Amino acid sequence: MKTIRIIAGILLLITGVIHVIMYAKTPDEPAMLGYLVFGIIYAIVGLLLFTRNLYPVYLGLIFPLIGFTICLIKFGFPSLVTIDTLLHIIDVVVIIFCLIILIQRGKVPEEGGA
């Protein structure tokens, strides 16, 4: 589980940096402000995933899900060769990894019966 958590944290850091770079390229466009906000949030959550706390795993599940949903509603499905596709793939991977962490954490080892 530690490896999955580290990979999810790294992916969120990467996508956070990409979001901020995308904003920096066109800061005058009002729609890009969302990229900056989510980039900062993703970077913070990515850093928090390196701690032992459980709440960053929930944040790693919730914020990519929100960002993914908003982007799909606002922009639709991107073509397969855009940076948005990469960001969507990273979002889905992080969501899956956080779900795996939460599911594994919820499992209780069975006690041996008599």
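Relevant structure appears above.
Residues numbered from 1 in each chain as written. Predicted model: local features only at pLDDT ≥ 70, side-chain atom pairs only at ≥ 80, totals over all residues. Heavy atoms only, no water.

Help me out: how do you make sense of the side chain of His 19 in this one?
Its location among the elements puts His 19 in helix H1 (residues 2-25). His 19 sits in the buried class, given a relative accessible area of 7%. When residues no more than four places from it in sequence are discounted, the contact partners of His 19 are Tyr 35, Leu 36, Phe 38, Gly 39, Tyr 42 and Leu 87. (Helix = DSSP H or I, 4+ residues; strand = E, 2+ residues; numbered from the N terminus. Buried < 20%, exposed > 50% of the residue type's maximum accessible area, 1.4 Å probe, protein only. Contact = heavy atoms within 4.5 Å.)

Just checking my understanding: could you explain the side chain of Arg 5 for this structure?
Relative to the helices and strands, Arg 5 resides in helix H1. In this structure, Arg 5 is buried with no salt-bridge partner, the nearest side chain bearing the opposite charge being Asp 91 at 17 Å. At 2.8 Å, the side chain of Arg 5 forms a polar contact with the backbone oxygen of Leu 49. At a separation of 2.9 Å, a polar atom in the side chain of Arg 5 contacts the main-chain carbonyl oxygen of Thr 51. Residues in contact with Arg 5, not counting those within four places in the same chain, are Leu 48, Leu 49, Thr 51, Arg 52, Asn 53, Leu 54, Pro 56, Val 57 and Ile 101. (Lys, Arg positive; Asp, Glu negative; His and termini not counted. Salt bridge = Lys/Arg side-chain N within 4 Å of Asp/Glu carboxyl O. Polar contact = N/O pair within 3.5 Å; in protein donor to acceptor, adjacent residues only side chain to side chain.)

What should I look at first to understand the packing of helix H3 (residues 55-75) against helix H4 (residues 83-106) in this one?
Angle between the axes and distance between the axes are the two parameters that describe a pair of packed helices. The contact between H3 and H4 brings their axes to 9 Å, and the two run at 150°. Relative to H4, the element H3 is oriented roughly antiparallel. The way H3 lies across H4 gives a crossing that is left-handed. Within the contact between the two elements, H3 uses Val 57, Tyr 58, Gly 60, Leu 61, Pro 64, Leu 65, Gly 67, Phe 68, Cys 71 and Leu 72 and H4 uses His 88, Asp 91, Val 92, Val 94, Ile 95, Cys 98, Leu 99, Ile 101 and Leu 102. Classifying every residue of the contact of H3 with H4 by side-chain character gives 15 nonpolar, 3 polar and 1 charged. (Axes fitted to C-alpha atoms, helices over the stretch in contact; angles between N-to-C directions. Parallel < 35°, antiparallel > 145°, perpendicular 65-115°, else oblique. Left-handed = near helix turned anticlockwise from the far one by under 90°. Nonpolar A, V, L, I, M, F, W, Y, C, P; charged D, E, K, R; others polar.)

Whenever I open this one, the nonpolar core confuses me. Can you help?
Side chains of nonpolar character tend, in soluble globular proteins, to be buried together. Leu 12, Leu 49, Val 57, Leu 61, Val 94 and Cys 98 are the most contacted members of the largest nonpolar core, which has 16 residues in total. Among the elements that take part in this core, H4 stands out by supplying 7 residues, more than any other. Leaving out residues up to four positions away in the same chain, Val 94 has contacts with Ala 8, Leu 11, Leu 12, Gly 60 and Pro 64. (Core = buried A, V, L, I, M, F, W, Y, C linked by side-chain atoms within 4.5 Å.)

In this structure, what is going on with H4? I would like to understand it.
Along an α-helix, residues three or four positions apart point the same way, because every turn accommodates 3.6 residues. For H4, built from 24 residues, the straight-helix expectation of 34 Å at 1.5 Å per residue is met to within 8% by its first-to-last C-alpha distance of 35 Å. The complete set of buried residues in H4 reads Asp 84, Thr 85, Leu 87, His 88, Ile 90, Asp 91, Val 94, Ile 95, Phe 97, Cys 98, Ile 101 and Leu 102. If you follow the buried residues of H4, they end up packed against H1, helix H2 (33-48) and H3. (Expected span 1.5 Å × (residues − 1).)

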